[in-house]
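The primary structure of each chain is shown beneath.
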Amino acid sequence: MAEFKFAPPYELPVYPFTVPPELQGSPMQRCPIVIVGAGPAGLTLACDLAQRGVRSVLIDDDNTVGVRGASSRGICYAQKTLEIMDRLGICERILSKGVAWSFGRTFSGEEEVYHFNLQNQSVSQQPPFVNLQQFYIEGFLVDRIQALGLTDLRWCSRVSDVQQREDHVVLQVQTPAGQYAMQADYLIDATGANSPIRQQFGLETHTSRSADRWCITDVRFKKPLPVERWTWVDAPFNHGRAVWQHLMADDVWRMDYQMSEDMDPEVISRPEVAAERIRAQLGEHVEFEFVWIGPYQYRDHLLDDFRHGRVFFIGDSAHVVSPFGARGGNTGIQDAFNLGWKLALVTQGQAPDALLDSYNAERQPAAAENLRVTSRSARFLAPRSAAEHVLRRAVLKLARKHPFARPLVNTGRMSVANDYPPSAWLPQGARTVQNLTLHGPDGQTHRLMDLMRRGTRFVGLWFSPATDQAQHARRELATWPLDLYAVGHSEVLPTQHDPEGVLARHLGLDPAHCAGTLCLIRPDAYLAATLPDCSAMQLQQALHAALHAALHARATP
Ligand SMILES: Cc1cc2nc3c(=O)[nH]c(=O)nc-3n(C[C@H](O)[C@H](O)[C@H](O)COP(=O)(O)OP(=O)(O)OC[C@H]3O[C@@H](n4cnc5c(N)ncnc54)[C@H](O)[C@@H]3O)c2cc1C
């Protein structure tokens, strides 16, 4: 049998277990926020809270990041995630280690049927996507959390029981030094797809398992391939089944092959079988070394409610989707960023507990939408009925000749920041605001996220405000968590300039006719309200709704 070259396995950091105060004779602690699970979702939340000056305890049953002995699970990180990481202070590290990309091609057989360039829709400082092994992002988050110094990180600690009380939660933690109990005002379950907390509560997850089987083959090639996302619906070199090809950090390519459902997972992940697939694709003489080979199947699930009393579910514990379009980890990170500012304001006494209900109102429909989108991709790639086979054949045939059918070829719709439907907190609904460039009065440029780096505050961008209105608003709203900026000239407010109208257009305004309009941006960079001819009173009402929920909207069924 031929010998196959394997690269040395990834070296993951090891974090030490420290005996907690509870096991050193201190009385039981009552912590405002305890997060269970240090995957991307839990780490993002702890880091975001720390960045906002809020302490939390983060408990994980392991002593490292990633999954020991395996390759990376997630590889693609979307623009909104990168913008969040910019606020958290680790985007530069991600960009310098990862591979930025925006261009993708989709093939059917030998033919390219579709390509896209996500850069065309972007005004952000961050690229549309960066590919990076998930454990690097997790490791950067741990470093940042440690540098910020406000998170009590407890490794090798497994939460084994959670009990809800009227105004707090009691949890039991198992450690190498023994078991102890803690109390938390709010507990966040970020324990991933198999959440023991969710199981303990007996919550319905609407799980569905797919029989579709895939095999990841992470390899390093001697000769570089194009840095683009290439996908095949029906690759001739993979017996007419799908293939993805993508570069990650350290020159490692993720080659992901759809397998026949009846294939033995042990057989398809043998190096000699994996090597045959690589050679069938790239030629007999292609030179490569394996980094990791592993088969997988996917499932999905979705909780009906992401809040249960004082317990919140974020990331995979709340929702799991098939990996087509990289919506899993990205969505979990965005859950964390949605919840972070709300927990910060509530625990600091600046907003009522009811603001936390908006987490479920916004993120549950977002997860449901992601599930709909990824399920459609999964069924295109692995049709389950005769009708789905017919549809797929028709789409592929049409796409070869007619441009209108090309976008219907569905190998995964890449992760986007979800819009939020109208709600008591967001009477107009909300959509993300990209981290675009702002022009200061002195000709300096900076990013929208720079305006949001200080604490937990809304940003009001007021286009050419009338002086008396701006004065009035500044006076009346001085105690609200709000920073006001004028876009254009103002004698009252700090100014930003929008010479090309890029900012106005991105906010949905006509640059020539937006004088007097204020755009209210939330601390998670979502556009909460657009207020034409804004007055101090309208602004106060919009802020009040965003924090306390609008009474009239709440009454609407
Ligand atoms: C093949 C594959 C490819 C993927 N590709 C992408 C991609 O390109 N982009 C993307 O965004 N997503 C991708 N995903 C999805 C992504 O990996 C997950 O969505 C993400 O890891 C979920 O993060 P999480 O923080 O919710 O949970 P996890 O990452 O699962 O973290 C949970 C943490 O909780 C800890 N824990 C569990 N139980 C306990 C307990 N009782 N006490 C204490 N700690 C506990 C675990 O040790 C773990 O550290 C992919 C997934 C797969 C399988």
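The preceding data block contains the structure.
Residues numbered from 1 in each chain as written. Predicted model: local features only at pLDDT ≥ 70, side-chain atom pairs only at ≥ 80, totals over all residues. Heavy atoms only, no water.

Some thoughts on a nonpolar patch on the surface
- A cluster of nonpolar side chains, Leu398, Phe404 and Leu408, forms an exposed patch at the surface whose accessible area comes to about 300 Å².
- Tracing the sequence through the fold places Leu408 in the loop between α10 (386-401) and β20 (431-432).
- Residue Leu408 is classed as partly exposed on the basis of its relative accessible area of 45%. (Patch = residues over 30% accessible without salt bridge, like charges linked within 9 Å, V, L, I, M, F, W, Y side chains within 5 Å. Areas by Shrake-Rupley, 256 points an atom, 1.4 Å probe, with all protein chains shown as cover. Salt bridge = Lys/Arg side-chain N within 4 Å of Asp/Glu carboxyl O. Helix = DSSP H or I, 4+ residues; strand = E, 2+ residues; numbered from the N terminus. Buried < 20%, exposed > 50% of the residue type's maximum accessible area, 1.4 Å probe, protein only.)

Considerations on the packing of aromatic side chains
- Here the structure, examined in full by the defined rule, presents 23 aromatic pairs.
- With centroids separated by 4.5 Å and ring planes inclined at 15°, the aromatic side chains of Tyr15 and Trp155 adopt a geometry described as stacked. Of this pair, Tyr15 sits in the segment before β1 (30-36) while Trp155 sits in the loop between β8 (151-154) and β9 (158-164), and the two are 140 residues apart along the sequence.
- Look at Tyr15 and you get buried, because its relative accessible area is 8%.
- The residue whose ring lies beneath Arg229 is Trp244, and the NZ or CZ to ring-centre distance is 5.9 Å.
- When the ring centre of Tyr186 is taken as reference, the NZ or CZ atom of Arg310 above it lies at 4.9 Å. (Phe/Tyr/Trp six-rings, centres within 6.5 Å; stacked < 30°, edge-to-face > 60°. Lys NZ or Arg CZ within 6 Å of the ring centre and 35° of its normal.)

A closer look at the sheet that holds strand β14 (residues 241-247)
- With mixed pairing, the eight strands of this open sheet are ordered in space as β6-β5-β13-β14-β15-β12-β16-β19. Two strands bound the open sheet, and with one partner strand each, they are β6 (111-117) and β19 (319-320).
- The pairing of strand β16 (residues 288-302) with β19 spans two bridges and is antiparallel. Directly across from Leu302, in β19, lies its bridge partner His319.
- Across the sheet, helix α7 (residues 271-282) lies against β12 (208-221), β13 (229-235), β14, β15 (253-259) and β16, angled at about 95° from β16, the strand it touches most.
- In the packing of α10 onto the sheet, contacts are made with β5 (103-108), β6 and β13, and the angle to β13 comes to roughly 120°. (Pairing = 2+ DSSP bridges. Contact = heavy atoms within 4.5 Å. Axes fitted to C-alpha atoms, helices over the stretch in contact; angles between N-to-C directions.)

Section: the pattern of salt bridges
- Scanning the entire structure with this criterion turns up 31 salt bridges.
- For the salt bridge of Arg93 with Asp143, the shortest nitrogen-to-oxygen distance reads 2.8 Å. In this pair, Arg93 sits in helix α3 (residues 91-97) while Asp143 sits in helix α4 (residues 134-148), placing the two residues 50 residues apart along the sequence.
- A salt bridge links Arg372 to Glu369; its shortest N-O distance comes to 3.0 Å. With Arg372 and Glu369 both in helix α9 (residues 357-381) and three residues apart, this pair spans about one turn of that helix.
- Classification of Arg372 by relative accessible area gives partly exposed; the value is 46%.

A look at the sheet that holds strand β25 (residues 495-496)
- Read across the open sheet, the six strands follow the order β20-β27-β26-β23-β24-β25; overall the sheet is mixed. For this open sheet the edge positions go to β20 and β25, each flanked by a neighbour on one side alone.
- Sheet topology places strand β24 (residues 482-487) next to β25; two bridges connect them, and they run parallel. Looking across to β25, one finds that Ala486 is bridged to Thr495.

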